[in-house]
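# Results of the structural survey
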Amino acid sequence: ADLVGLFKVLGNDTRLRLLHAMHREGEVSVGELADQVQLRMQAVSNQLQRLSDRGIVTSRRHGSRMLYSIADPCIPAVLDLALCLIEETTERQ
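Structural notes, computed from the coordinates. (Residues numbered from 1 in each chain as written. Predicted model: local features only at pLDDT ≥ 70, side-chain atom pairs only at ≥ 80, totals over all residues. Heavy atoms only, no water.)

Glancing now at the sheet that holds strand 3 (residues 65-70). With antiparallel pairing, 3 strands are arranged side by side in an open sheet as 1-3-2. Edge positions in the sheet fall to strand 1 (28-29) and strand 2 (57-62), since each has one partner strand and no second. Sheet topology note: the strand 2/strand 3 ladder contains 6 bridges and is antiparallel. Paired with arginine 61 across the bridge in strand 3 is methionine 66. (Pairing = 2+ DSSP bridges. Helix = DSSP H or I, 4+ residues; strand = E, 2+ residues; numbered from the N terminus.)

Printed below as a string of structure tokens:
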């Protein structure tokens, strides 16, 4: 059940794009993420909250801004492995 819940959280296009951006950039603000994924800041905040609730993302205050980053060290490996699986499947086809 925990694994199904994790894949439900990760199985969302917006959340995957946010995680990919954080994986590339490290700590980023909601505004920076919104610009990168071309969504409104409120939509990004809502998705970050879901990731934070699962312990995947963490935040810290820097002055008046909140900076977000990947908290779980396994997430970048999961993203890399998923991309590897896609490449392998594409090559076999």
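So that's the structure; there's more coming.
Think of an α-helix as turning once every 3.6 residues; residues three or four places apart then point the same way. With 13 residues, helix 2 (residues 13-25) should cover 18 Å at 1.5 Å per step; its first-to-last C-alpha distance of 18 Å lies within 8% of that length. Looking at helix 2, one finds that the buried residues are Thr14, Arg15, Leu18, Leu19, Ala21 and Met22. Along helix 2, the residues classed as buried sweep out an arc of 160 degrees about the axis, all on the same side. The backbone nitrogen of threonine 14 lies 2.9 Å from a side-chain oxygen of the residue at the head of helix 2, namely asparagine 12. Two residues or fewer past helix 2, glycine 26 is found with a positive phi of approximately 85 degrees. (Expected span 1.5 Å × (residues − 1). Buried < 20%, exposed > 50% of the residue type's maximum accessible area, 1.4 Å probe, protein only. Arc of directions from axis to C-beta. Polar contact = N/O pair within 3.5 Å; in protein donor to acceptor, adjacent residues only side chain to side chain.)

Time to look at the environment of aspartate 53. Tracing the chain through its elements places aspartate 53 in helix 4 (residues 41-53). Judged by its relative accessible area of 58%, aspartate 53 falls in the exposed class. Measuring from C-alpha to C-alpha, the distance between aspartate 53 and glutamate 91 comes to 36 Å, with 38 residues separating the pair along the chain. At 2.7 Å, the side chain of aspartate 53 forms a polar contact with the side chain of glutamine 49.

Here the focus is helix 1 (residues 2-10). Gly5, Val9 and Leu10 are the residues of helix 1 that are buried. The buried residues of helix 1 occupy an angular sector of 130 degrees when projected down its axis, which confines them to one face. Relative to its buried face, helix 1 has exposed residues pointing more than 90 degrees away, namely Leu3, Phe7 and Lys8. For helix 1, the elements touching its buried residues are helix 2, helix 4 and helix 5 (74-92). (Contact = heavy atoms within 4.5 Å.)

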